[in-house]
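So you can see what is in the structure, the chains are spelled out below.
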Amino acid sequence: MAEHVILFAGPMGAGKTTAVEALSEIEMVRTEAGNTDRETADKATTTVALDYGEITLDEEDKVRLYGVPGQKRFDFMWSILKERARGLILLVHNDAPDSIDQMIEYLDEFAELDARGGVVIGVTRSDLELGPPLDDYSAALRLRRPELVVPVYTVDPRDQDQMRTMLMTLIANIEIRAMLAPRSTRPAGGAA
Ligand SMILES: Nc1nc2c(ncn2[C@@H]2O[C@H](COP(=O)(O)OP(=O)(O)OP(=O)(O)O)[C@@H](O)[C@H]2O)c(=O)[nH]1
Ligand SMILES: [Mg+2]
């Protein structure tokens with residue numbers, strides 16, 4: 001059985017906690033506190049340390065799911081959780097005024113996860129407001145990181161099937177990259 005550690009990152013209110021909740025087969029661990037920044041995200045609570053959940057895919061891949069806080073004042077948790085992870089699901093919400101800039105900013109911040117495993121990007125909250133089309137995200141990615149091949153999806157983090165598809169794509173990419181990597185650079189203990 002391979003084990004994977006996947007991080008959910010992205011701006012406040014993008015849906016990281018919602019996604020971990022939708023995917024997790026165990027009672028998820030939450031660290032929510034009252035949200036004092038209703039201007040950035042109009043919701044009651046925000047993550048202050050981490051979200052944690054688990055899912056087993058195809059009866060052989062155990063996936064540990066970590067959500068990080070979106071707010072930068074908790075970025076010490078980003079460094080801690082980045083160390084462990086081998087893949088990134090980056091969520092950005094399409095109804096934010098600067099969603100494409102935010103995608104690039106968070107991608108840069110978590111760049112080591114691409115180097116180590118893989119990245120997929122989910123554009124959320126597209127049903128709520130007309131935001132940039134998916135092509136604009138892909139174009140910005142090509143401009144900023146032409147060497148990177150990153151799938152970009154429209155997703156609703158509340159939808160388990162959609163999140164599962166994203167997660168399975170990411171894990172397939174990570175496993176393919178691990179298989180293609182020279183033996184000396186492969187991580188110990190499996191494809192993860
Ligand atoms: N309608 C709609 N609502 C969404 C969608 N994605 C997320 N939401 C809602 O947006 C909110 C996102 O909240 P969280 O999951 O707490 O966001 P987060 O990324 O964990 O935020 P922080 O922990 O504060 O950084 C929730 O109320 C979700 O139900 C979507 O695609 N459509
Ligand atoms: Mg959260």
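The residue numbers shown here count from 1 along each chain, following its written sequence. Chains and ligands are labelled by the order in which they are written, letters from A for the one and numbers from 1 for the other. Only residues with pLDDT of at least 70 get local features here, since the model is predicted, and only at 80 or more are side-chain atom pairs given and counted; chain-wide, interface and lining totals rely on the full set of residues. Water and hydrogen atoms were dropped before computing side-chain values, which therefore reflect all heavy atoms in the structure.

### Concerning the coordination of the magnesium ion (ligand 2)
Here is the rule we go by: Note on donors: an N, O or S atom is included if it sits within 2.8 Å of the metal, or within 3.2 Å for Na, K and Ca, and water is never included, so sites can look incomplete. Put simply, DSSP H or I for four residues or longer makes a helix, DSSP E for two residues or longer makes a strand, and each gets a number counted from the N terminus. A 1.4 Å probe rolled over the protein chains alone gives each residue an accessible area, and that area as a share of the maximum for its type sets the label: buried under 20%, exposed over 50%, partly exposed in between.
Binding of the magnesium ion (ligand 2) to the protein goes through Thr 17 (OG1) and Thr 47 (OG1), at separations of 2.0 to 2.1 Å. On the criterion of sequence distance, the pair formed by Thr 17 in helix 1 (residues 16-23) and Thr 47 in strand 3 (residues 45-47) is long-range, its members being 30 residues apart. You'll find Thr 17 and Thr 47 in the same group, each marked buried.

### Concerning a nonpolar patch on the surface
Operational definition: Like charges within 9 Å and nonpolar side chains (Val, Leu, Ile, Met, Phe, Trp, Tyr) within 5 Å are joined into patches, using only residues over 30% in relative accessible area that form no salt bridge. With residues, only the protein chains shown are counted as cover, and all accessible areas are computed by Shrake-Rupley using a 1.4 Å probe. By convention in these notes, a salt bridge is any Lys or Arg side-chain nitrogen within 4 Å of a carboxyl oxygen on Asp or Glu.
Taken together, the side chains of Ile 176, Met 179 and Leu 180 present a nonpolar region at the surface, about 360 Å² in accessible area. Relative to the helices and strands, Ile 176 resides in helix 6 (residues 160-180). Ile 176 sits in the partly exposed class, given a relative accessible area of 43%.

### Observations concerning the pairing of strand 7 (residues 119-124)
What counts is decided by this rule: Here, a strand pair is defined by DSSP locating no fewer than two bridges between the strands.
Burial analysis of strand 7 places six of its six residues in the buried class, which makes it a mostly covered element. Burial of strand 7 is two-sided: the residues Val 119, Ile 121 and Val 123 facing one way and the residues Val 120, Gly 122 and Thr 124 facing the other way are all buried. The pairing of strand 6 (residues 87-93) with strand 7 spans six bridges and is classified as parallel. Bridge pairing in strand 7 places His 93 opposite Thr 124.

### Some words on unusual backbone geometry
Positive phi, close to 55°, is recorded for Asp 58, a residue that is not glycine. One can find Asp 58 in the loop between strand 4 (51-57) and strand 5 (61-67). Residue classification places Asp 58 among the exposed positions, given a relative accessible area of 52%. In this structure, Glu 59 is a non-glycine residue whose phi angle is positive, near 55°. Classification of Glu 59 by relative accessible area gives exposed; the value is 75%.

### Focus on the nonpolar core
How we decide: Here, the term nonpolar core denotes a set of buried Ala, Val, Leu, Ile, Met, Phe, Trp, Tyr and Cys residues that are joined through side-chain atoms within 4.5 Å. Whether two residues are in contact is decided by their heavy atoms: any pair within 4.5 Å suffices.
If you look at the biggest cluster of nonpolar residues, it comprises 30 residues, and the most contacted ones within it are Leu 7, Leu 88, Met 103, Phe 110 and Ile 121. Residue assignment for this core shows that the elements contributing at least two residues are strand 1 (2-9), helix 2 (76-84), strand 6, helix 3 (99-109), strand 7 and helix 5 (134-144). Counting residues per element, this core draws most heavily on helix 3, which supplies five residues. Setting aside anything within four residues of it in sequence, one finds Leu 88 in contact with Leu 7, Ala 9, Phe 110, Leu 113, Gly 118, Val 119, Val 120 and Leu 170. Counting 21 residues, the second-largest nonpolar core is a separate cluster that includes Val 20, Met 28, Leu 65 and Leu 91.

### With respect to helix 6
Stated precisely, the cut-off is as follows: By definition here, a helix of n residues has an expected span of 1.5 Å times n minus one. We call two N or O atoms a polar contact when they sit within 3.5 Å, provided that within protein one can donate a hydrogen and the other can accept it, with sequence-adjacent residues counted only if both atoms are side-chain atoms.
For helix 6, spanning 21 residues, the distance from its first C-alpha to its last is 30 Å, which sits close to the expected 30 Å at 1.5 Å a residue. Of the residues flanking the start of helix 6, the one acting as N-cap is Asp 159, its side-chain oxygen 2.9 Å from the backbone nitrogen of Asp 161.

### Examining the packing of helix 3 against helix 5
In plain terms, the rule: All axes here are fitted lines through C-alpha atoms, helices being fitted over the stretch that makes contact, and every angle between N-to-C directions spans 0 to 180 degrees. Oblique is the label for any angle not covered by the other classes, which are roughly parallel (under 35 degrees), roughly antiparallel (over 145) and roughly perpendicular (65 to 115). Here a crossing is taken to be left-handed if its near helix is turned anticlockwise relative to the far helix by less than a right angle, and right-handed if that turn runs clockwise. Three residue categories are used. Nonpolar comprises Ala, Val, Leu, Ile, Met, Phe, Trp, Tyr, Cys and Pro, charged comprises Asp, Glu, Lys and Arg, and polar comprises the others, including Gly.
Where helix 3 contacts helix 5, the axes come no closer than 10 Å and their chain directions differ by 40°. Taken together, the axis directions place helix 3 and helix 5 in an arrangement best described as oblique. Every pair of crossing elements has a handedness; the one defined by helix 3 and helix 5 is right-handed. Residues Ser 99, Ile 100, Met 103, Ile 104, Leu 107 and Asp 108 of helix 3 form the contact with helix 5, whose own contacting residues are Asp 136, Tyr 137, Ala 140, Leu 141 and Arg 144. Here the residues of the contact of helix 3 with helix 5 are counted per class, giving seven nonpolar, one polar and three charged.

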